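These are the residues of each chain, in order.
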Amino acid sequence: MSNVTNDRLERLLLQQEIEQFYYTEAELLDDRRFEEWLDLLDDDIRYFMPLRRNVKYGQHAARENTRSGQDSAWFDEGKRTLSQRVAQIATGIHWAEEPLSRISHLVTNVRITSDDASLEDPEINVNSRFLVYRNRVEYETDIFVGKRIDRLKRGGPAGWLVTDRTILLDQSVLLAKNLTLFF
């Protein structure tokens with residue numbers, strides 16, 4: 001086989017590997033296996049979901065999203081605080097999760113954005129789109145749609161670890177009563 005064919009095959013295999021990683025992650029979250037989900041996160045993870053603002057045309061790049069460590073955000077956390085959130089849910093007395101929500105994570109449009117990524121690369125950049133559906137009690141339903149910008153590195157039980165995640169919701173006003181779920 002030619003080098004071009006090998007490169008394409010390697011890229012397809014890497015794409016499939018990354019997609020399987022994301023499907024595993026979604027299943028762990030949907031099944032409330034939060035401790036196992038935490039194992040997919042690097043110890044030094046940055047988990048960031050900025051507030052989104054409605055701004056004038058031409059100002060999107062500079063002003064649409066709040067900045068990590070400088071402005072308010074829905075989440076600006078590390079593994080320690082994510083672990084604390086998981087522990088709080090696991091107590092069974094978390095007011096916003098009693099009874100527990102039923103959640104479905106759908107992941108799509110997975111794109112490896114690192115130039116010349118290969119199966120041997122220890123770290124890669126990946127963008128994906130998500131739809132998260134949540135139902136609580138009888139009538140509470142929330143739908144979250146957006147984009148994730150991830151940095152992954154080799155390791156962990158599923159082959160990859162998330163070292164950096166930026167979550168961009170496609171809404172500027174949060175209509176949900178709480179944000180006890182993970183993206």
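Look up a bit, the structure's there.
These numbers come from a predicted model, not from an experiment.

**Description of the pairing of strand β5 (residues 140-154)**
- For strand β4 (residues 123-136) and β5, the ladder comprises 14 bridges, and the chain directions are antiparallel. Bridge pairing links Glu123 to Lys153 in β5.
- Judged from the nine bridges that link them, β5 and strand β6 (residues 160-169) form a sheet pairing that is antiparallel. Bridge pairing in β6 places Ile149 opposite Thr166.
- Connecting the antiparallel pair β5 and β6 is a turn made up of five residues, with Gly155 showing a positive phi of about 140 degrees.

**Looking at the side chain of Asn127**
- On the secondary structure map, Asn127 appears in strand β4.
- A relative accessible area of 13% places Asn127 in the buried class.
- Setting aside residues no more than four positions away along its own chain, Asn127 makes contact with Asn109, Val110, Arg111, Thr113, Lys147, Arg148 and Ile149.

**Looking at the nonpolar core**
- Ranked by internal contacts, the top residues of the largest apolar core, which has 40 residues, are Ile18, Trp37, Tyr47, Phe144, Leu152, Phe182 and Phe183.
- Counting residues per element, the ones that place at least two in this core are α1 (3-30), α2 (34-38), β1 (41-50), α4 (79-90), β3 (102-112), β4, β5 and β6.
- The greatest single-element share of this core, amounting to seven residues, is contributed by α1.
- Leave out the neighbours within four places in its chain, and Trp37 touches Glu25, Leu28, Leu29, Tyr47, Leu82 and Phe182.

**Overview of α4**
- With 12 residues, α4 extends 16 Å between its outermost C-alpha atoms, agreeing within 8% with the 16 Å of an ideal straight helix rising 1.5 Å per residue.
- For α4, the full list of buried residues reads Lys79, Leu82, Arg85, Val86 and Ile89. Along α4, the residues classed as buried sweep out an arc of 120 degrees about the axis, all on the same side.
- The secondary structure elements touched by the buried residues of α4 are α2, β1 and β2 (73-77).
- Of the residues trailing α4, Gly92 is marked for its positive phi of about 80 degrees.

**Let's talk about the pattern of salt bridges**
- Tallying each qualifying case throughout the model produces 15 salt bridges.
- Residue Glu25 is joined to Arg148 by a salt bridge in which the shortest nitrogen-to-oxygen separation is 3.6 Å. Placement of Glu25 in helix α1 and of Arg148 in strand β5 is noted, with a sequence separation of 123 residues between them. Like Arg148, Glu25 is buried.
- In this structure, the salt-bridge partner of Asp164 is Arg46, at a minimum N-O distance of 2.8 Å. On the criterion of sequence distance, the pair formed by Asp164 in strand β6 and Arg46 in strand β1 is long-range, its members being 118 residues apart.

Reading the values: rules and limits
- Each chain carries its own residue numbering, running from 1 in the written order of its sequence.
- Totals for whole chains, interfaces and linings use every residue, but because this is a predicted model, local features are given only for residues with pLDDT of at least 70 and side-chain atom pairs only at 80 or more, for both listing and counting.
- Side-chain numbers here rest on the full set of heavy atoms in the structure, without hydrogens or water.
- Here a strand pair is declared whenever DSSP counts at least two bridges between the two strands.
- Think of it this way: any DSSP run of H or I at least four residues long counts as a helix, any run of E at least two long counts as a strand, and we number them from the N terminus.
- When a residue's accessible area, from a 1.4 Å probe over protein chains only, is under 20% of the maximum for its type it is buried; when over 50% it is exposed; and in between it is partly exposed.
- Note on definitions: a residue-residue contact is assigned when non-hydrogen atoms from the two residues lie within 4.5 Å.
- Buried residues of nine kinds, namely Ala, Val, Leu, Ile, Met, Phe, Trp, Tyr and Cys, make up a nonpolar core once their side-chain atoms join them within 4.5 Å.
- Helix span, expected: 1.5 Å multiplied by one less than the number of residues in the helix.
- This arc is built from the directions going out from the helix axis to the C-beta atoms.
- A pair is scored as a salt bridge if a Lys or Arg side-chain nitrogen falls within 4 Å of a carboxyl oxygen belonging to Asp or Glu.

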